[in-house]
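Okay, here's what each chain looks like letter by letter:
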Amino acid sequence: MTHLVTAERALDVRSLSASAGTAEALSRFDSLSSGERFVLVSGGTAAEVLRRLQAERPGLFEWSPLASGPPVWRIEIARREASSGGLRGVNDALSWDHDRLDALEDAAFRARAAGDLQSAYDLYAEFAVGLQRHIGFEEELLFPAFEAGTGMPPTVGPTSVMRAEHREIRQLLDEIAACIGDAAAPVERLRAHFHAVLGDHNLKEEHVLYPGTDDLLGSEEADRLVRQIQRYGS
């Protein structure tokens, strides 16, 4: 799937009651066509919106936090090209998030190349939030599920390698985030190193770890894990 970074269609429900804000968010979601998205701006109702989407519109949506509160949460909610009630696999859900994050990172550097340093900084901040969250739910939810299924301890095997790569990815992410808004900073060298590490890492996940986890868990358990991942940090 091609991911496009476009001007966000924001729905700010902070002035509404929790029930009214949730209803408004669900109504906005129901008005979307496949592939469309909006950004929910919430003061605390996001978790209830996610609960209702999971219960009443399973398999139909993607849930991507852009900024986590308190006091303000910004969540991108996209409508999937899928039938209601469809089970989600780990490979499908997390590979989709890889593509989403890649598109944000690319948009940040295109803005930098065009001289729009503020947009570059803002887009990269959203990318950093998303990647840090992605690493967090992998290490706290996905890796333990894989280790339990294979009997491998976290100190050996693919998850041990991936944890080490995560540490390097986080360091490079922080270094780039600190200087992407500075036109004079030699950020392209850091970016090239970052791409070399992250690109190889993502390929291993998409070709080994994610499908392996789906096979170990089976479709219903994999779907439950995806729901846990969606709730991560909420």
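About the criteria used
Numbering of residues begins from 1 in every chain and follows the order in which that chain's sequence is written. Local features in this predicted model are restricted to residues of pLDDT 70 or higher, and side-chain atom pairs are both shown and tallied only at a pLDDT of 80 or more, whereas totals for entire chains, interfaces and linings draw on every residue. To obtain the side-chain values, all non-hydrogen atoms of the structure were used and water was disregarded. We call a set of buried Ala, Val, Leu, Ile, Met, Phe, Trp, Tyr and Cys residues a nonpolar core when their side-chain atoms join them within 4.5 Å. Any residue under 20% of the maximum accessible area for its type is buried, any over 50% is exposed, and the rest in between are partly exposed; the area is computed with a 1.4 Å probe on protein chains only. Where helices and strands are cited, they refer to DSSP runs of H or I of at least four residues and of E of at least two residues respectively, numbered from the N terminus. In what follows, a contact means two residues having at least one pair of non-hydrogen atoms within 4.5 Å. Working rule for helices: expected span equals 1.5 Å times residues minus one. The directions from the helix axis to the C-beta atoms form the arc being described. Criterion for a salt bridge: a side-chain nitrogen of Lys or Arg within 4 Å of a carboxyl oxygen of Asp or Glu.

**Regarding the nonpolar core**
Then, number 1: Among the nonpolar cores identified, the biggest contains 25 residues, and Tyr124, Phe127, Leu131, Ile169, Leu173, Ile176 and Phe194 are the most heavily contacted of them.
Then, number 2: Of all the secondary-structure elements, those providing two or more residues to this core are helix H3 (90-113), helix H4 (117-150), helix H5 (158-179) and helix H6 (187-217).
Then, number 3: For this core, the element with the most residues is H4, which contributes seven residues.
Then, number 4: Look past the residues within four positions of Phe127 in its chain and what remains in contact with it is Leu101, Leu104, Glu105, Leu173 and Phe194.

**Observations concerning helix H7 (residues 219-231)**
Then, number 1: For H7, spanning 13 residues, the distance from its first C-alpha to its last is 19 Å, which sits close to the expected 18 Å at 1.5 Å a residue.
Then, number 2: Along H7, the positions that sit buried rather than exposed are Ala222, Asp223, Leu225, Val226, Ile229 and Gln230. Relative to the axis of H7, the buried residues are bounded by an arc of 160° and lie together on one face.
Then, number 3: Buried positions along H7 lie against helix H2 (46-56), strand E3 (61-67), H3, H4 and H6.
Then, number 4: A positive backbone phi angle near 85° is found at Gly233, which sits one or two residues after H7.

**Observations regarding the pattern of salt bridges**
Then, number 1: Considering all chains together, one arrives at 20 salt bridges under this definition.
Then, number 2: As a salt-bridge pair, Arg74 and Glu126 come within 3.2 Å of each other at their nearest N and O atoms. You can see Arg74 sitting in strand E4 (residues 73-79) and its partner Glu126 sitting in helix H4, a full 52 residues away along the chain. Each member of the pair, Arg74 as well as Glu126, carries the same accessibility label: buried.

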